[in-house]
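Read off the chains here:
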Amino acid sequence: MARRRQEIALQVELETQEEWNEATNKEGLLVVDIYQQWAGPFADVYQSYGGPCKAMEAKFRTIKNTIGDSSLFFAIAKADTIDSLEKYRGRCEPCFLFYASGVLVDAVIGANAPELQRKILLNLEQEKKILKDGGERREFNFDHGATDEEEDGDAAANRQRSSSVAHAISNHHYTLAVIRPDAYADGKVEGIVDQIKANGFKVLIQQEHHLNENEARELHRYKMNQEGYEDHIACMVSGPSIVLILQKTEAKDASVDDFRELVDSDESLKTFVDCTQSIDNLHDELVLLLPNIAQRPHTPQEQLAERTLAIIRPSALKLFKDAIVSRIIEAGFEVTRQTEMHLTREQAEEFYSTKKSESYYEDLIQEMTSGPSLALYMIKKDAVQGFRTLLGPTEKNKIKEASGTFRHEFDMVDINVNSLHGPRSHAEVNRNVQFFFPEERILAILKPNLTSQQRSDIVDALKKAGFFIMARKMDKLTGDQVAQVEKAHQGKDHYNELLSYLTSGQSELLALAKENASQSLSQILGPEDPAKAKESAPNSLRALYGKDLVHNAIDVSSDAEQGKQDIHLIFGDLERDEA
C-alpha cells in the first residue's frame, strides 16, 4: 500500500529586509509567496486570508520534484516586516512574485495553479538561457496594493481597477457587452450602464471601439442565419460602439450566462446591447474587441488541447483504480476513452523497447505482465507536461520525498517500479496511443477561399465528430506537395485548376487522428462535388461551405496509407521525439 512520508521543508521563510535582499539577489529563479500576518480584534475574520497560501505548497513541491532544477527556489515572505514589500500590505488575495538574479520579472495574483506552473516553467527557461548566453532581464512593471503618499487618487484607482480586471480575466470571472452605435449616437450609454449596474453587475472596463466589417461578422456569427443579419452588420459598422467588461457582483464563476439571460429577458437591453453567448467564445471576443487588454495566443498550436495517456500498472490498479481516476478528473483532464489490457511478455517488451538497457527493465516487464493495466486517453491544454508534473519523479528513491504527487500518494513500496506511466513527449504520446487505441491518421486541407470563421466552424465540426488534431498550421502548398496530396485527382479534367488554386494562397493543414478515420470523414464531408452534397447530404461540410468541385472547402487523404505519406510530407515525422 502507499505509505505517507514526512514532508521536508520546501519554502524558505523570509522575515527581515536582510533576508529578503539576500534571497532575491540569488542567482536563479525565486518564486515568493507574499503574505501578511493578521493581528488585532479582527484576526479571526481574516485568518483565511492571512498567512502564506498553503494550497500552493503541494503544487510547488510537485513542480520542484518533477523539474529537479537547482536554479529554482521557493520562499514565503512576510510583508509586515520587510520594507520592500510595504505596498503589498493590506491585500486579501494571494500574491506571487518572480525574481531572477535580483530583478522582478513576473507576478501572479490569486491562487491560479495552472498559471503559476506555466509562468514558473517559462521564466525558469528564460533565466537559464540568460545565465548561459547572457542577455538583459526585462523588469516586470507591477504596481499593486496600497499607494505612496505622493500618488494621487486617480492613479490609485487605476491600479486597483487594473488588478481587478487582470484577476477577473485570468479566472474567467467576466463577460463582454457591446452597446451598439445607434445607442451611443443617441446618448443612451449612461442609462444603459446604470441599468446594467442596477441588475447586479459592475463595470470593470468601458472603452470605445469602432468595429470593421470583419470584426462585426466574427462577433455576430451566431446571428448569421437570422432575419435582418445584414442590416445588423451595417448598424454595427456605422460608428463607434462601447465595449464593456462586466462582472457579476461577488462573482465566483463566469458571468456569461447570467448577463445573457438578463439581456434576453429585458427588451430595452436587447434592443441596444449585444453580449457574449458562450464562455467558449469569451477569450476570442476579448482579443477581437480589446486586444490591448487580452493576451493573444502566439500560434494556432498553442490554442490546441493536447492529449496524453495515463497507464495504471497492474498492482496499483487492484488497489487504487477509482481513487486515481477521480484524482485525474479533479485535475481537469477529460477522459474520453479507456481500455483494460493484460499484456503478454511480447507486448510489454514491444511497449517498453526503449527501456531494455535500464536496470529495472525486468522488474518493469514482470509488473506489466502480472495482471491487467488500465490505459486512459485524456484531453487537456498542456496535457503532456501537466500530467508529468502531477505524476512526480520516475525514480523510486525520489518518490518518498515527492509529497503531493500521484506516484507518492499511490506508491507501491514493495515493488521496484512506480505505479503509473505517462508519456514524456508528444511523439511518445502518439506511439502510446497507437499501441492501446489503434487509429488512422489523415491529412485534411482547408482550402484558401475559406474565411477564418468558416475554418473555425469546420475544425469545431471535426472535433465534435471525435477527431484529434495532432498537428495544425497555415501554409501555402507548393506544386510538388499538391501533386502528392491530390494524387487521386491527377489526370482528371479539373486537376490543373485545382493545382493552380491550391498554390494560390494559404491553406490550413490538419493532421487528424481517429479510429476508422476514413469512414468517419466520408460521412462528415459528403460527396466531393458540393452540388451533389447538397442533394444527398445537405448538412455535410462540403454542402455547407463548398462552391464547386475545385472550391469544395476541404480535401482529405484518400485512405489511411495515403494519410501517413501526406502527413509526413507536410509535418515530418510526428513519431520522432522532440529535441
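Quick notes on the rules
Residues numbered from 1 in each chain as written. Predicted model: local features only at pLDDT ≥ 70, side-chain atom pairs only at ≥ 80, totals over all residues. Heavy atoms only, no water. Buried < 20%, exposed > 50% of the residue type's maximum accessible area, 1.4 Å probe, protein only. Helix = DSSP H or I, 4+ residues; strand = E, 2+ residues; numbered from the N terminus. Pairing = 2+ DSSP bridges. Salt bridge = Lys/Arg side-chain N within 4 Å of Asp/Glu carboxyl O. Core = buried A, V, L, I, M, F, W, Y, C linked by side-chain atoms within 4.5 Å. Domains from an automatic or database assignment. Phe/Tyr/Trp six-rings, centres within 6.5 Å; stacked < 30°, edge-to-face > 60°. Lys NZ or Arg CZ within 6 Å of the ring centre and 35° of its normal. Contact = heavy atoms within 4.5 Å. Axes fitted to C-alpha atoms, helices over the stretch in contact; angles between N-to-C directions. Arc of directions from axis to C-beta. Patch = residues over 30% accessible without salt bridge, like charges linked within 9 Å, V, L, I, M, F, W, Y side chains within 5 Å. Areas by Shrake-Rupley, 256 points an atom, 1.4 Å probe, with all protein chains shown as cover. Lys, Arg positive; Asp, Glu negative; His and termini not counted. Charge placed at Lys NZ, Arg CZ, Asp CG, Glu CD. Polar contact = N/O pair within 3.5 Å; in protein donor to acceptor, adjacent residues only side chain to side chain.

(A) Summary view of the pairing of strand S10 (residues 306–312). Within S10, seven of the seven residues are buried, leaving the element largely enclosed by the surrounding structure. Residues Glu306, Thr308, Ala310 and Ile312 line one face of S10 and the alternating positions Arg307, Leu309 and Ile311 line the opposite face, and both faces are buried. Where S10 lies against strand S12 (residues 373–380), seven bridges are found, and the strand directions are antiparallel. Each bridged residue has a counterpart across the sheet, and for Glu306 the counterpart in S12 is Lys380. Two strands pair when backbone bridges link them, and S10 and strand S13 (residues 420–421) are joined in this way by two bridges, in the antiparallel orientation. Across the sheet, residue Ile312 finds its bridge partner in S13, namely Leu420.

(B) Structural context of the pattern of salt bridges. Scanning the model with the defined rule gives 19 salt bridges in all. The partner of Arg180 in a salt bridge is Asp274, and the shortest N-O contact between them spans 2.7 Å. On the criterion of sequence distance, the pair formed by Arg180 in the loop between strand S6 (175–179) and helix H6 (181–185) and Asp274 in strand S9 (residues 273–275) is long-range, its members being 94 residues apart. The pair formed by Arg180 and Asp274 is uniform in burial state, with each residue classed as buried.

(C) Spatial organisation of the nonpolar core. Phe436 and Phe571 are the most contacted members of the largest nonpolar core, which totals 41 residues. Domain assignment of the residues forming this core places at least three in each of domain 3 (302–436) and domain 4 (439–571).

(D) Just the packing of aromatic side chains, in detail. For the structure shown, the criterion picks out 11 aromatic pairs. Geometrically, the ring pair formed by Phe351 and Phe436 is edge-to-face, given 5.3 Å between the ring centres and 75° between the ring planes. Of this pair, Phe351 sits in helix H15 (residues 345–351) while Phe436 sits in helix H20 (residues 426–436), and the two are 85 residues apart along the sequence. Like Phe351, the residue Phe436 is buried in the burial classification. Look at Phe435 and Phe436: their rings are 5.0 Å apart centre to centre, the planes differ by 65°, and that puts the pair in the edge-to-face class. When its relative accessible area of 18% is taken as the criterion, Phe435 is described as buried. Members of the aromatic cluster, each reached through a chain of ring pairs, are Phe320, Phe333, Phe387, Phe406 and Phe410. Directly above the ring of Phe201 sits Lys248, whose terminal nitrogen or CZ lies 5.0 Å from the centroid. Over the face of the ring belonging to Phe571 we find Lys473, whose NZ or CZ atom lies 5.4 Å from the ring centre.

(E) View of the sheet that holds S13. The strand order across the open sheet formed by four strands is S11-S12-S10-S13, and the pairing between neighbours is antiparallel. The sheet is open, and its two borders are formed by strand S11 (334–341) and S13, each paired with just one other strand. Sheet strands touched by H20: S10, S11, S12 and S13. Its angle to S10, the strand with the most contacts, is close to 60°.

(F) Just helix H24 (residues 517–525), in detail. Of all the residues in H24, the buried ones are Ala517, Ser520, Leu521, Ile524 and Leu525. Relative to the axis of H24, the buried residues are bounded by an arc of 120° and lie together on one face. Turned more than 90 degrees from where H24 packs its buried face, Gln519 and Gln523 sit exposed. The secondary structure elements touched by the buried residues of H24 are strand S14 (440–446), helix H21 (452–464), strand S16 (507–514), helix H26 (541–545) and strand S17 (554–556).

(G) Expanded view of helix H1 (residues 17–24). Inspection of H1 places Trp20, Ala23 and Thr24 among the buried residues, and these make up the whole buried set. One side of H1 carries all its buried residues, which in axial view fall inside an arc of 85°. Opposite the packed face of H1, turned more than 90 degrees from it, sit the exposed residues Glu18 and Glu22. Contacts from the buried residues of H1 go to strand S1 (12–14), strand S2 (29–35), strand S3 (72–78) and strand S4 (95–100).

(H) Molecular detail of a negative patch on the surface. Among the surface-exposed residues, Glu13, Glu18, Glu19 and Glu22 lie close enough to one another that they form a single negatively charged patch. Considering each element in turn, the negative patch owes the most residues, three residues, to H1.

(I) Region of interest: the side chain of Glu285. If you trace the backbone, Glu285 turns up in helix H12 (residues 282–289). On the accessibility criterion, Glu285 (6% relative accessible area) is buried. There is a polar contact of 2.8 Å between the side chain of Glu285 and the side chain of Thr276. Those residues in contact with Glu285 that sit more than four places away from it in its chain are Leu176, Leu219, Arg221 and Thr276.

Note that every value here comes from positions in space, so none of it alone points to a role or purpose.
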